[in-house]
Every structure is written in C-alpha cells, then in structure tokens.
Amino acid sequence: MDVQGTVAAGWEPVRDAFLRNFEERGERGAAVAVHHDGVPVVDLWAGTRDATGEGAGETPWAEDTAQVVRSATKGVAAVVPLLLHQRGLLDLDAPVAAYWPEFKAAGKDRVTVRQLLAHRAGVPVLDRPLTLAEAVDLETATHAMAAQAPVWEPGTAHGYHAHTFSWLLSGLVHRVTGRTIGRWAAEEITGPLGLDLWIGLPAAQAHRVGRLGPVEEIEPPGSGALKLRPKRSVTEAYQDPESLTRRAFGVIDPKPDENDPVYRAAELPGSAGVATARALARFYAAILGPVDGAARLLTPESLALARTEESAGADKVLLVGTRFGLGHMLHGPASPLLGPSSFGHPGRGGSLGFADPDAGIGFGYVTNGMRKTVTADPRAQSLVRAVRASLDGA
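Just so it is clear, the model here is predicted, and its values are computed rather than measured. (Residues numbered from 1 in each chain as written. Predicted model: local features only at pLDDT ≥ 70, side-chain atom pairs only at ≥ 80, totals over all residues. Heavy atoms only, no water.)

(A) How the structure looks around the pattern of salt bridges. Considering all chains together, one arrives at 20 salt bridges under this definition. Residue Arg208 pairs with Asp196 through a salt bridge whose shortest N-O separation is 2.9 Å. Taken together, the residues span a long stretch of sequence, with Arg208 in the loop between strand 5 (197-198) and strand 6 (213-214) and Asp196 in the loop between helix 8 (181-193) and strand 5 at a distance of 12 residues. By relative accessible area, Arg208 is classed as buried at 9%. By relative accessible area, Asp196 is classed as partly exposed at 28%. In this structure, a network of salt bridges that share partners links the residues Arg87, Arg179, Arg183, Glu187 and Glu188. (Salt bridge = Lys/Arg side-chain N within 4 Å of Asp/Glu carboxyl O. Helix = DSSP H or I, 4+ residues; strand = E, 2+ residues; numbered from the N terminus. Buried < 20%, exposed > 50% of the residue type's maximum accessible area, 1.4 Å probe, protein only.)

(B) Spatial organisation of the nonpolar core. In terms of nonpolar packing, the biggest core is built from 72 residues, with Trp167, Ile189, Phe283 and Ile287 touching the most fellow members. Here Phe283 is in contact with Gly75, Val76, Val79, Ile189, Leu195, Leu197 and Leu297, once residues within four sequence places are set aside. (Core = buried A, V, L, I, M, F, W, Y, C linked by side-chain atoms within 4.5 Å. Contact = heavy atoms within 4.5 Å.)

(C) Unusual backbone geometry, seen in detail. The step from Asp253 to Pro254 runs through a cis peptide bond, and the omega angle for that step is 0°. Along the chain, Pro254 turns up in the loop between helix 10 (244-248) and helix 11 (261-265). The residue Ala106 is not glycine, and still its phi comes out positive at about 60°.

Structure representation (structure tokens):
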C-alpha cells in the first residue's frame, strides 16, 4: 500500500498503524491527521476513494478526498451551541421552549437546552418515521420533532439520540440565530478556519467525495483492539423493530442511501456531515488553541463545559455504558479516546474526531469502509493507540 502525506519525527507509529489497517483490517480508503499543540504532525491518506458503486477501487484517494463521516458530525455541530452560549445568545439551563415555543408540546415544556444536548430529552425516536424528503426539510422535520412525546421523563435518564439529534439541534439553532445550522457553522467556524468540512455539502464540492461501502470484519489476533462482540441483549435490540435501539436508528424510512447527493447536501448535523481528516483534526485543534494565527474557538470556560460530564451510565438506546458532555462523547469504555480529558465523537462504522486538552491533540480519521461498529472502530482505535505511543516516546 502506497501511503501518501507527511509524518513529523517521532510520530512514525501513527503511519505504521495506518498501514497495518490496510494490511490487516480490510481498510479500503482512508485518511488520518493529527495536530499537536496546534501544529500538524500527521497528515496521511491511502487506498481508493470509492468503496462501492461503478469504478469502486479504481480512483486513488487524493489529498483533498472527503467522506460522509456519519455521527462524527455531532462533535462539530455540538460546538455551535457552545459558541452561542459563549456569545451570550443561549442559556444552557433555559427551557428549549424559551427559544422554540412549539417544542413544549407533549410534555417537553421543562426540557432544558443542557438536557437536549446531553441526550436526556427523552425523544430519540419518532412515532412516525420520516421519509428522506421530509427528513431534509427543516420545517417538516422540526415540526415532527416538536410534536413528539418523550419516551422517558426528560432529565431522568439518557439515551443516544442517534438521528433526532439532527432536528433537535437544527430547530434550536435556527430559532436562536435565524440561520440554519449548516450555514451558521460555515460562516462562523469552518469558513474562517478554511476547513473542508460541511454540514450540507455544496454542489461544487461533490466531485471530491468518495462513496461509502461495507468492509469485511477483520481483526488480527493479539492486536490489543477492543473486544467488539456485542452482548446478546444488544444484538437482540437491533433486531427488534419495537426496541428503542432499532427505532432510534430507523427514524428515516426507508433507510437513506448515504451516497445519494440529496443526503449529502442535507443539513443533518447528527449524521450527514462531510469532511476530510485534515479538517477534523484542525477543527479540534482550533477548539484548544490558535491555529495558523486564527483565534481559538472556545474560551477556557467553554472548553471546560465541553469536557464536563452531563450523562453517564446505562444508555437506554445503545444499552451499554456511555458518557456525554454537551453533545460530545467523552472518553470511556464504550468509546475510548486518548485519555480522561478527551471529547469528540465517533461516526458509526468508522470515522472519528476528537480533542484532548491535556495532551494538546486534535485528531481526525475518515474512511470509506463501513464496519458494524457504533462507538469504537478497531481501525480508529489502533490509530489512537499509536498517537499515545508517539506522545509517550516524545
């Protein structure tokens, strides 16, 4: 495998791990990038751009190839309300209905912004799933979200709002700012930072985006990777059409084709963002401090909020122990990141972006090969271990 890009001295373990993912874990096409204390130290790509479709496996992955990163989008989108709070435009402890009056319907009048962001609002499902056309229409989708009754008493438990997070956050941000979340992020975050990262892919950038596809589940013996065999209860929940797990992941029906230009162009901040690994790493680096002269995104106070635990323990949707801050996943057994201070978000099946303030790390990994993993892909985990090894060897 011909790995392209650069690695700073001392960060060679990341390149070695990246290469092994192709040799041993069935990787098809991918990129990884790491910033350390605001400086890029890893920027690698290899393989082919398209994992499925006509010409799959033929076009090389290029330096500027981007991919749909699924729920890794949540980690980017979660910074939007933090910035609104930082600017005095959003009170985290106010009821969501103070900004979005329709949301108080069906027993949600006391749901706070903090609870919404921490997956505690109790609305991970919709009684009637949306078609793709309805899901990508802001007015239709947020109206359905506002009308939905909670499936547990808000604030008393947490459960991963896999897809409804898109419309919860979109509805809130639109009513606070008058802008869609994709436009706000582009104008206030990704544009000023020069990031190839979009919540709502512009048509002019569509030619750069590879096609996602499944890859074989391979894990070499003695690799040190997380044991990924799900508990029987988890497997059964994904198979049961009445379970919260199945319903939470099935709120768009029929299941959308993530390679569909309509899906990629949709402003779905919970699932449909498109990014390069370089952009994810630079984004998280910019949360921690200045990057190339650009001011840091979050103040120390907002950074503390981003890494503070809001939800922990048994997840009513994922059925494993999860930890969340204000929209970000936090380091823990179900979603191991670099260390206790890490926060970010994985994308189901592969991609990962996170920051680690203690280590000064901004990390991004994107892939076109989708595995069945939800929160801890072994390819991403091998790269995280290599980052740790590089830091330990410094």
